[in-house]
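# Architecture and fold: a report
Spelled out from the first residue to the last, the chains are:
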Amino acid sequence: MTARTLIAVAPTGAESAKADVPALPVTLAELVDTARACAAAGASVIHVHVRDDDARPTLDLGRLRATVEALRPETELIVQLSSGGAVTDPEADRLAVLDAGPDAASCTMGTVNFGTDVFLNRWEFIVELHQRMRERQIVPEYEIFDLGHLAALHRLLDKHGPPYGDHVHCDLVMGVPGGMPGTVQALTAAVQLLPAGATFAATGVGRTTVPVLLAALSAGGHLRVGMEDTLTFAPGQPVRDNAQLVSRAATIAELALRPPMPVDEARALLGIPDRPAGASRG
Ligand code: KMH
Ligand code: ZN
């Protein structure tokens, strides 16, 4: 168990509408402000989805590049772009996300029912993502929505070798309608199936947010929080902003005697090289 807790923030996602959730950061300025506030509250990684001028999810490469370039001088946060996008995004656009030059990117390890939609992740697509990330020196975070995705991860590593950075880090995304439930039992089962030496964070969607956070900390895991997955802070109380969720995670991590991990330690853990001052790899 690591002495400290890596906290990632996923501030926006692709599912919520700005009209329904006014506090959702959707412009570049809102995202940069959010990143600063979340870094101050204890986050070391930001998992990024971007929106267009109408606040709709987009994988527009120009916007992704601009976002990476804007976040870097403003915070030390590890910039992880979503290659998952929205359920409607084509594979070619999801692969092209890597051209924006992030430090890290998500790589979902299989298909999952996603409410009334399907989040499609074919085997060949997963392999292509894994290999392109290695070529471009981008560290993957393997997104695990169901136990079968861990079997797929073992198969991927066995057949295609380790990721760039040589360290395997997973995010267990729990409580999606169609995926594994956000329970202690499911988390324990998933942790037992992790590849040897892998680390994990967990994310509980909706009302599973706090139970999953507590279970992950107890199991020696790390945390992902944010408005991508959580819009209600407590029953009847909408989330004020992403920093509120990061602050709560940091407070609970401190109570668990595993305080938030500084960014340099998070980089070392994940196998992400230090960023030269002022550098952008876009
Ligand atoms: N928006 C979901 C369909 C990821 O970022 O890699 C996919 C997702 C996972 O959020
Ligand atoms: Zn995401």
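Whatever comes next refers back to the structure up there.
Please read all numbers here as calculations on a predicted model, not as lab measurements.

## A few points about the environment of Thr 111
Residue placement: Thr 111 occurs in the loop between strand 6 (104-108) and strand 7 (112-114). Apart from the residues lying within four places of it in its own chain, the contact partners of Thr 111 are Val 118, Phe 119, Leu 120, Asn 121, Arg 122 and His 149. A distance of 2.9 Å separates the side chain of Thr 111 from the backbone nitrogen of Asn 121, its partner in a polar contact.

## Focus: the pattern of salt bridges
Taken as a whole and judged by the stated rule, the model has 18 salt bridges. When the shortest N-O distance is used, the salt bridge between Asp 33 and Arg 36 registers 3.0 Å. Taken together, the residues Asp 33 and Arg 36, both in helix 1 (residues 28-41) and 3 residues apart, mark about one turn of the helix. When the shortest N-O distance is used, the salt bridge between Arg 136 and Asp 99 registers 2.1 Å. Here Arg 136 is found in the loop between helix 4 (123-135) and strand 9 (139-144), whereas its partner Asp 99 is found in the loop between helix 3 (91-96) and strand 6, with 37 residues between them in sequence. Accessibility expressed as a relative area gives 32% for Arg 136, which makes it partly exposed.

Basis of the calculations
Residues numbered from 1 in each chain as written. Chains lettered and ligands numbered in written order. Predicted model: local features only at pLDDT ≥ 70, side-chain atom pairs only at ≥ 80, totals over all residues. Heavy atoms only, no water. Helix = DSSP H or I, 4+ residues; strand = E, 2+ residues; numbered from the N terminus. Contact = heavy atoms within 4.5 Å. Polar contact = N/O pair within 3.5 Å; in protein donor to acceptor, adjacent residues only side chain to side chain. Salt bridge = Lys/Arg side-chain N within 4 Å of Asp/Glu carboxyl O. Buried < 20%, exposed > 50% of the residue type's maximum accessible area, 1.4 Å probe, protein only.

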